[in-house]
There are 2 protein chains.
Amino acid sequence: MTELKNDRYLRALLREPVDMTPVWMMRQAGRYLPEYKATRAQAGDFMSLCRNADLACEVTLQPLRRYDLDAAILFSDILTIPDAMGLGLSFGAGEGPKFARTIQTKADVDNLPIPDPEGELQYVMNAVRTIRRELKGEVPLIGFSGSPWTLATYMVEGGSSKAFTKIKKMLYSEPKVLNALLNKLADSVTLYLNAQIKAGAQSVMIFDTWGGVLAHHDYPQFSLQYMHKIVDGLIRENEGRKVPVTLFTKGGGLWLEAIADTGCDAVGLDWTVDIANARARVGHKVALQGNMDPSVLYAPAERIEQEVSDILAGFGNGSGHVFNLGHGIHQDVPEESPKIFVDAIHRLSQHYHEKCND
Amino acid sequence: MTELKNDRYLRALLREPVDMTPVWMMRQAGRYLPEYKATRAQAGDFMSLCRNADLACEVTLQPLRRYDLDAAILFSDILTIPDAMGLGLSFGAGEGPKFARTIQTKADVDNLPIPDPEGELQYVMNAVRTIRRELKGEVPLIGFSGSPWTLATYMVEGGSSKAFTKIKKMLYSEPKVLNALLNKLADSVTLYLNAQIKAGAQSVMIFDTWGGVLAHHDYPQFSLQYMHKIVDGLIRENEGRKVPVTLFTKGGGLWLEAIADTGCDAVGLDWTVDIANARARVGHKVALQGNMDPSVLYAPAERIEQEVSDILAGFGNGSGHVFNLGHGIHQDVPEESPKIFVDAIHRLSQHYHEKCND
């Protein structure tokens, strides 16, 4: 295997010494880049872009050519698994995802197949292999999946939702149906992420985008336990190196202790959490990823740098911090902002790492 | 003035002894009731219903005829103030609110008038007076307003939003414009709530529905300080009785200490917060309102009662708890569920109050 030229991201996730704080951006391959829009137009629609390994590789690499990012993330969608289960995913122009079929009953759940990662989902593994080859060891590649709860919200609601009434109705009136669905999804995600790791992903992340809509006592039961099950089933070492796993529940700031207790390596934070407080609460167990409000990238350079400086100071000395936005980058940020952001992190973080590297 | 026959709600907000835990439901006058739909159809559209004091009174009283609720809440909309400022509020069929004009610049803010509560907003005060008269002292009447930040999100975005990119852009690139807008809104809300109190509201609540989308360091600066300013400017005693004020930031569970420090009487909780934990954090300063997930009302009776029982046990002995949902009641809950909910609270809470009343 090629040695990694820059392994800052993997080392920070394992809380090993680094020279500066690594950074990547959620949705870093995306519509804020004109070259992304061009490739997407070439592909036709969004899922065709995901299904074409060469084009998916191209858009994965695009942000790395512009910005000094410390990791690449597989270009794909969180809804590949439900799509491979046969629910018929589509994206209307300017709209969110829609499923042609939804899950309502126990029979619907029983009829769902567990997708074969090297069968229906082979296009994802092909993208991982292609990207990994083209990265030439520059930076590590992150694989990912949606969490079972988050996938289930789309499968039951039929798409995006505001109040999540259908899945909440299922949760409170048919909890066994929902648990059966979540169990099947946990098994599917485990297979899917392990296949990504075997195909070359050097770290994996689980996005629990909608965990934060759950009641405090439902979160452990309907989201976290299934992520825990996945963590327990993941390949944690490959190619002679640890494969760190990051869990991110948006809106999960009240539950960081429980998330850190799953045995994951890192916990993602959104911008509602003070990273200093998060480190005090769980930083002895896990690394932290985050957590600048993506909207700060609308601000002038000095404001972006101030925010970066505040978050770095909040985390403080030593390793265990992967800088990121608290959610995906917005599509209309000025093209120069990500560079200001990334460079500020590298420049301003060095003195927080000096002591540790002495 | 008529003596209140049931003042449990006001007493609980002031942490004075009560015989059982009081309850009301956010959006208790609403589409889950067939009689509401009939009155709304009679009014024509939503704003016409708000503007007609007799019909607004009628829908305010409807849920009290069905359920043993301990408070009435003025039927109105949170967007009456921006509408009275001239932004042109409308509700499309099945859609959220839309404003014909939005706020983008300092000049837009400077041109906004501060509405006269007994002028452009007199229809609200007329509704308060009518409802108060028709309540005949059965239970107290709650007045309310949106928070400055929450009102501003609609005024800048032009309606509902998912990512709040326009107002976040303003926050990070033109913070002075936003602060000017929030200041004007704080002054307007103070006048508006004081007018509601003079018209007969016996308690007021500020809904900060979108405070939870702010970064932890922005929340104090762009939402909480303006609610604090309002609390400082409110009439706190009227008709020889205290007028308690409740602040509710949805998604604000990480910031309860700061909310409680404003000098409000009570803090509203959504369902992501464990009420036992909330009481330990701030219950020595304020009462707590909440916090059942509204979706529990989809569940069978036993599940609803279990949830009520768990929340009551979480709060524990003594006064200082107003039971409520963590957000508005859903429009498609079974008609019998609210009765099961309300009756369970009264029945199951009594033994938590015995010691205090000895």
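Fair warning: this is a prediction, and the values are worked out from it, not measured in the lab.

With that settled, consider the overall build of chain A. Counting its secondary structure elements, chain A contains 15 helices and 11 strands. On C-alpha atoms alone, chain A measures out to a radius of gyration of 19 Å, which is about the 21 Å that the 2.2 N^0.38 rule sets for 358 residues. In terms of overall dimensions, chain A has a C-alpha envelope of 60 × 45 × 40 Å along the principal axes. In chain A, once contacts between residues fewer than 6 apart in sequence are set aside, the share between residues at least 24 apart is 74%. Total accessible area computed for chain A in this model is approximately 12800 Å², and 48% of it derives from carbon and sulfur atoms. Here chain A contributes 37 positively and 44 negatively charged side chains, and the mean placements of these two sets differ by 3 Å.

Let us look at the pairing of strand β8 (residues 245-249) of chain A. Residue and element names in this part refer to chain A. For β8, a buried count of 5 out of 5 residues is recorded, marking the element as mostly surrounded by other parts of the structure. Of the two faces of β8, the one carrying V245, L247 and T249 and the one carrying T246 and F248 are both buried. Pairing geometry for strand β5 (residues 203-208) and β8, over 5 bridges, is parallel. In the strand pairing of β8, I206 is matched with L247. As defined by bridge partners, β8 adjoins strand β9 (residues 266-268) across 3 bridges and the pair is classed as parallel. Looking at β9, one finds that T246 is bridged to A266.

Before going further, it helps to spend a moment on the relation of the copies chain A and chain B. Once chain A is rotated about the relating axis by 180 degrees and shifted along it by 0.0 Å, it coincides with chain B to within an RMSD of 0.0 Å. As the rotation angle and translation indicate, the two copies are arranged about a two-fold axis. Within chain A, the C-alpha atom positioned nearest to the axis of rotation is that of L254 of chain A, 3.2 Å from it. Interface overlap between copies: 100% of the residues of chain A at the interface are likewise at the interface in chain B, consistent with a symmetric, same-surface contact.

With that out of the way, let us pick up the nonpolar core. Ranked by size, the top nonpolar core spans 264 residues in total, and within it F341 of chain A together with F341 of chain B carry the most contacts. Once you skip the residues sitting within four places of it in the chain, F341 of chain B turns out to touch V23, M25, M292, L297, I304, V308, F323, N324 and L325 of chain B.

All names here are of chain A. The UniProt entry lists D77 under the feature "site: Transition state stabilizer" (unreviewed entry), expressed in the numbering used here. Looking at the secondary structure, you find D77 in the loop between β1 (72-73) and α5 (80-87). Apart from residues lying up to four places away in sequence, D77 is in contact with F46, M47, C50, L89, F91 and F144. Of the polar contacts made by the side chain of D77, one reaches the backbone nitrogen of L79; its length is 2.8 Å.

On to the interface of chain A and chain B. At the interface, 33 residues of chain A touch 33 residues of chain B. Summed over both sides, the interface of chain A with chain B buries roughly 2700 Å², with 58% coming from carbon and sulfur. By the criterion of area lost to chain B, the three top residues of chain A are Y172, L254 and T272 of chain A, representing 24% of everything that side buries. The interface formed by chain A and chain B includes 4 salt bridges.

Thresholds, definitions, all that
- For every chain, the first residue of the written sequence is number 1, and numbering continues from 1 along that sequence.
- Each chain is given a letter, starting from A, and each ligand a number, starting from 1, according to the order in which they appear as written.
- Restriction of local features to residues with pLDDT of at least 70 applies here, the model being predicted, together with a cutoff of 80 or more for giving and counting side-chain atom pairs; totals for whole chains, interfaces and linings are based on all residues.
- As a convention, hydrogens and water are excluded, and side-chain values are obtained from all of the structure's heavy atoms.
- Here a strand is any run of E in DSSP of at least two residues, a helix any run of H or I of at least four, and the numbering for each starts at the N terminus.
- Each radius of gyration is computed over the set of C-alpha atoms, and the globule rule expresses the reference value as 2.2 Å times the number of residues to the power 0.38.
- Contact between two residues is taken to exist if any of their heavy atoms lie within 4.5 Å; hydrogens are not considered.
- In this description, accessible areas are obtained by the Shrake-Rupley approach with a 1.4 Å probe, and a residue is regarded as covered only by the protein chains that are shown.
- By the counting scheme adopted, Arg and Lys are positive, Glu and Asp are negative, and His together with the chain ends is not counted.
- Note that the charge is assigned to NZ on lysines, CZ on arginines, CG on aspartates and CD on glutamates.
- When accessible area is computed with a 1.4 Å probe and restricted to protein chains, residues below 20% of their type maximum are described as buried, those above 50% as exposed, and intermediate ones as partly exposed.
- Any two strands with at least two DSSP bridges between them are considered paired.
- Alignment of the copies relies on least squares applied to C-alpha atoms, considering only residues that score at least 70 for pLDDT in both.
- What makes a nonpolar core is a set of buried Ala, Val, Leu, Ile, Met, Phe, Trp, Tyr and Cys residues whose side-chain atoms join them at distances within 4.5 Å.
- UniProt positions are given in the numbering used here, feature names are shortened, and annotations may be inferred rather than shown by experiment.
- Within 3.5 Å is the distance limit for a polar contact, defined as a pair of N or O atoms, with the added protein rule that one can donate a hydrogen and the other accept it, and that residues adjacent in sequence qualify only through two side-chain atoms.
- Buried area adds together the accessible area that both of two parts lose upon being put together, with accessible area traced by a 1.4 Å probe.
- Just to be clear on terms, a salt bridge is a Lys or Arg side-chain nitrogen sitting within 4 Å of an Asp or Glu carboxyl oxygen.

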